[in-house]
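Here's the letter readout for the chains.
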Amino acid sequence: MSRVSCPILSSRITTAEHAAALIGPGDNVGISGFTGAGYPKAVPAALAARMRAAHERGEDFRIGLWSGASTAPDADGVLAEAHGIATRLPYNSDPLLRSEINAGEVDYIDAHLSHSAQQMWFGFYGRLDVAVVEVAAILPDGRLVPSSSVGNNKTWLDQAERVILEVNSWQPRALEGFHDLYYGTALPPHRRPIPLTEPMQRIGEPYLRVDPARVVAVVETDAPDRNSPFAEPDDTSEAIAAHLLDFLRHEVAAGRMPPTLLPLQSGVGNTANAVLAGLGASEFTGLTAYTEVLQDAMLDLLDSGTLAAASATSFGLSDAGVRRFTEGIERYRGRILLRSEEISNHPEVVRRLGVIAMNGMIEADVYGNVNSTHVMGSAIMNGIGGSGDFARNAYLNFFLSPSTAKGGAISTIVPMVSHVDHTEHDVHVIVTEQGLADLRGLSPRRRAARVVASCAHPGFRDALADYLERAARERPTARHTPHLLQEALAWHQRYLETGRM
Ligand code: 0RQ
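Predicted, not measured: the structure shown is a model, and the values here were computed from it. Here the residue numbers are simple positions, counted from 1 along each chain's written sequence. With the structure being a predicted model, the display of local features is reserved for residues of pLDDT at least 70 and the display and counting of side-chain atom pairs for 80 or more, all residues being used for whole-chain, interface and lining totals.

S.K.: Any chance you could break down the overall build of the chain for me, citing the residues and the numbers?
M.R.: Summing up its helical and strand segments, the chain has 18 helices and 27 strands in all. Restricting the calculation to C-alpha atoms gives the radius of gyration, and the globule rule supplies 2.2 Å times the number of residues raised to the power 0.38. Whereas a compact globule of 501 residues would reach a radius of gyration of roughly 23 Å, the chain reaches 23 Å, a difference of no more than 12%. Along the longest, intermediate and shortest principal axes, the C-alpha atoms of the chain span 75 × 55 × 45 Å. Looking at the chain as a whole, 53% of its 501 residues qualify as buried. Strands are runs of DSSP state E lasting at least 2 residues, helices are runs of H or I lasting at least 4, and numbering of each runs from the N terminus. Burial is judged by counting other C-beta atoms within 10 Å of a residue's own C-beta: 20 or more means buried, 12 or fewer means exposed, and anything between counts as partly exposed, with every C-beta placed from the backbone.

Spelled out as structure tokens, the structure:
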């Protein structure tokens, strides 16, 4: 049975090829999708075919591609393969697109996720020509049941000149009621407080709205989300999790947090997943999450009662996680709420709720500046995503990483980060498998001593201590944040030249 119950929109049902023909060279296209969930499954491939045909004729056919966050091989991947992306924002993790960005072929605007919708409204990115948004169903009155992510869909639907809807019958129809879409955002100087004071509070409505007059095509699909598997926690990620959990216990004992902690935000990736697994095995119970992505470990915590409820903008599940969610969907009703990413990551709300933010990093320097995005200063990995939204405004933030990368060739604790995403003013706690450095309330030199002693790998610890000691000695009038400028990035240069730091 069709999921399109609205007569006006039923009349627009067509093929992906016909829908893709409504997108032209140079268009800015806002697609749905966040961490491999809820992205359009059919139109991108049809669009990629049009691009390849145009390129074979010697014509240019590239678009500006905007999304919620990362998508999947069927969206970013096929368009990158067709060399059809001229600009991309605000986040990407597709390997092929990453290589095109790093080759200088694609202009990538790596924005804070909470900024992406408002900057669209502010007019910073230019006009949005087309929105291609996946939904789970269209109601008789034309309202849309969102699918497995919300991301920037509200903004794309509000702003696009032309709208293409993909109605995916693979998405559980019972997702209806799992969303909260807030339509109260305004532009300065007319803004009002976001009236959200509890993680699970509903401040909006369960549906997305669209002006039917702008819907130019509706495409029916039934393909699954990307659903990447997670690695089982290993010794390193378990050690990181154990340090972090000890610290949370310490904070509760010191009276700085209630026994149910404060709302948790957890980044994506295997380390973050291990931390959540560690929480599941701990004595903590009745916790809440105010986060971006619900990965498998969040379902485990909801099932065990460690987590009472979770607010996010997207799922990011494995195949097994999707099966578990779909089969037990009524168990999660009222305990999971998906919101727009401008609300899930809203600085005002994150600060009001007092979120505990836990995110991965590529490297940190001895003073606690964190690089989340760039390898050796220049090559993008994924993007800043929501890490800045949460870290800057969190009650308490953690940055997590193994102390080495690439089989021990790289120290993730360095004299100076090769790119800064989170400054020393923002970063509270750094954790590696070696230990945890609590940097709150410390001056730079005290921060450095703690980071080196607690977080650096033993194979690099003496060299870092030596660097700090010489930096302080050689410039006696510059001892606030001592550096040896010739040497500060020499570790990265050495890696580029020799394959080892
Ligand atoms: O690459 O697999 O090719 O060896 O980086 O590293 O250790 O598996 O860690 O999966 O947690 O990712 C920062 C990338 C960490 C992630 C980052 C290499 C390493 C490996 C991955 P290989 P790990 P994770 C909410 C929050 C920004 C966005 C964010 C990220 C690969 O956490 O993208 O936080 N964060 N969003 O080998 C060279 C180093 C390295 C290094 C690691 N120092 N130098 N390579 N690697 N450290 C979610 C969203 O916003 C959507």
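S.K.: Now, about the site of the ligand: what can you tell me, with residues and values included?
M.R.: For each residue, a C-beta atom is positioned from the backbone; the residue is called near a molecule or strand if that atom sits within 6 Å of it. Around the ligand, the surrounding shell holds 29 residues, and the nearest of these are G267, G269, G360, G385 and S387. Within the residue set of the shell around the ligand, elements represented by two or more residues are α9 (270-280) and β17 (356-360). Its residues placed into classes, the shell around the ligand shows 13 nonpolar, 13 polar and three charged. By convention here, the domain bounds are inherited from an automatic or database domain assignment. Per-domain counts for the shell around the ligand show at least three residues from each of domain 1 (7-221) and domain 2 (235-459). Amino acids outside the nonpolar list (Ala, Val, Leu, Ile, Met, Phe, Trp, Tyr, Cys, Pro) and the charged list (Asp, Glu, Lys, Arg) are all regarded as polar, and Gly is one of them.

S.K.: Report on the environment of P95, specifying residues and quantitative values.
M.R.: Locating P95 in the fold gives a position in helix α5 (residues 95-102). In this structure P95 comes out as exposed when scored by C-beta crowding, with 12 C-beta atoms within 10 Å. C-alpha separation for the pair P95 and D76, spaced 19 residues apart in sequence, amounts to 9.4 Å.

S.K.: Account for the UniProt feature "domain: Acetyl-CoA hydrolase/transferase N-terminal" (unreviewed entry) in the chain, with residues named and values stated.
M.R.: Look at the UniProt record and you will see "domain: Acetyl-CoA hydrolase/transferase N-terminal" (unreviewed entry) annotated at residues 14-219. Regarding residues 14-219, the helix share stands at 26% and the strand share at 20%, and the terminal C-alpha atoms are separated by 6 Å. UniProt positions are given in the numbering used here, feature names are shortened, and annotations may be inferred rather than shown by experiment.

S.K.: Before we move on, could you go through the pairing of strand β8 (residues 162-168) and cite the residues and values that matter?
M.R.: Across the seven residues of β8, six count as buried, placing the element largely inside the fold. As paired strands, strand β6 (residues 130-138) and β8 are joined by five bridges and run parallel to one another. Note on β8: the bridge partner recorded for E134 is E166. Relative to strand β10 (residues 215-221), β8 runs parallel, the two sharing six bridges. Among the inter-strand pairings, N168 is bridged to a residue of β10, identified as T221. Following DSSP output, two strands are said to pair if at least two bridges run between them.

S.K.: Quick rundown of the sheet that holds strand β25 (residues 413-414)? Include the residues and the values.
M.R.: Pairing is mixed in the open sheet, where three strands are placed in the order β19-β18-β25. Looking along the sheet, the strands with just one partner apiece sit at the ends: β19 (370-371) and β25. Where strand β18 (residues 363-365) meets β25, two bridges bridge the pair, whose relative direction is parallel. Bridge assignment links A364 to a residue of β25, and that residue is I413.

S.K.: Mind laying out the confidence of the model for the chain, listing which residues take part and the relevant values?
M.R.: Per-residue confidence for the chain gives a mean pLDDT of 97; residues scoring 70 or more make up 100%. Both confidence scores are given for the complex: pTM 0.97, ipTM 0.97. Confidence scores per residue from the predictor, reported as pLDDT, run from 0 to 100.

S.K.: Can you explain the pairing of strand β12 (residues 287-290)? Please cite residues and give values.
M.R.: The alternating pattern of β12 places L287 and A289 on one face and T288 and Y290 on the opposite face, and all of these are buried. The pairing of β12 with strand β14 (residues 307-312) spans four bridges and is parallel. Considered in β14, the bridge of T288 is made with A309.

S.K.: Residue-level account of the environment of P229, with values.
M.R.: The residue P229 is located in the loop between β10 and α8 (235-253) in this model. When the C-alpha positions of P229 and V150 are compared, they lie 21 Å apart, and in sequence the two are 79 residues distant.

S.K.: Give me the lowdown on the packing of α8 against α9, citing residues and values where you can.
M.R.: Interaxial angle, 0 to 180 degrees, is taken between N-to-C directions of lines fitted to C-alpha atoms, where a helix line uses only the stretch in contact. At a closest axis distance of 8 Å, the pairing of α8 and α9 adopts a crossing angle of 55 degrees. Accordingly, the angle class assigned to the pair α8 and α9 is oblique. Crossing of α8 over α9 shows right-handed handedness. Contact with α8, carried on its side by S237, E238, I240, A241, A242, L244 and L245, involves N270, T271, A274, V275, A277, G278 and L279 of α9 and no other residues of that element. Broken down by class, the residue content of the contact of α8 with α9 amounts to nine nonpolar, four polar and one charged. Here the angle decides the label: under 35 degrees means roughly parallel, over 145 means roughly antiparallel, 65 to 115 means roughly perpendicular, and every other value means oblique. Throughout, a crossing is termed right-handed when the near helix is turned clockwise from the far one, and left-handed when it is turned anticlockwise from it by less than a right angle. Two residues qualify as being in contact provided that their C-beta atoms, derived from the backbone, are within 7 Å of each other.

S.K.: Residues and numbers for the UniProt feature "domain: Acetyl-CoA hydrolase/transferase C-terminal" (unreviewed entry) in the chain, please.
M.R.: In the numbering used here, UniProt assigns the feature "domain: Acetyl-CoA hydrolase/transferase C-terminal" (unreviewed entry) to residues 321-467. Strand forms 25% of residues 321-467 and helix 35%; the C-alpha atoms that close the span are 46 Å apart.

S.K.: How would you sum up the domain arrangement of the chain? Please name residues and give values.
M.R.: Partitioning the chain into domains gives domain 1 (7-221) and domain 2 (235-459). Taking the mean C-alpha position of each, domain 1 and domain 2 sit 27 Å from one another. At the junction of the two partners, domain 1 supplies 42 residues and domain 2 supplies 40 residues. If you list the elements that add at least two residues to the side of domain 1 that touches domain 2, you get α5, α6 (113-122) and β9 (179-180). The biggest single contributor to the side of domain 1 that touches domain 2 is α6, with four residues. A per-class count over the side of domain 1 that touches domain 2 returns 20 nonpolar, 18 polar and four charged.

S.K.: Now, about unusual backbone geometry: what can you tell me, with residues and values included?
M.R.: Following L89, the chain continues to P90 via a peptide bond in cis, the omega torsion being -5 degrees. The topology assignment puts P90 in the loop between β4 (85-89) and α5. Note the cis peptide between P188 and P189, where omega equals 10 degrees. Summarising the element assignment, P189 is placed in the loop between β9 and β10. Despite not being glycine, L261 has its phi angle at roughly 60 degrees, a positive value. Examined against the element boundaries, L261 turns out to sit in the loop between α8 and β11 (264-266). Positioned with a positive phi, M376 is a non-glycine residue whose angle comes to about 50 degrees. Following the sequence through the fold, M376 ends up in the loop between β20 (374-375) and β21 (379-380).

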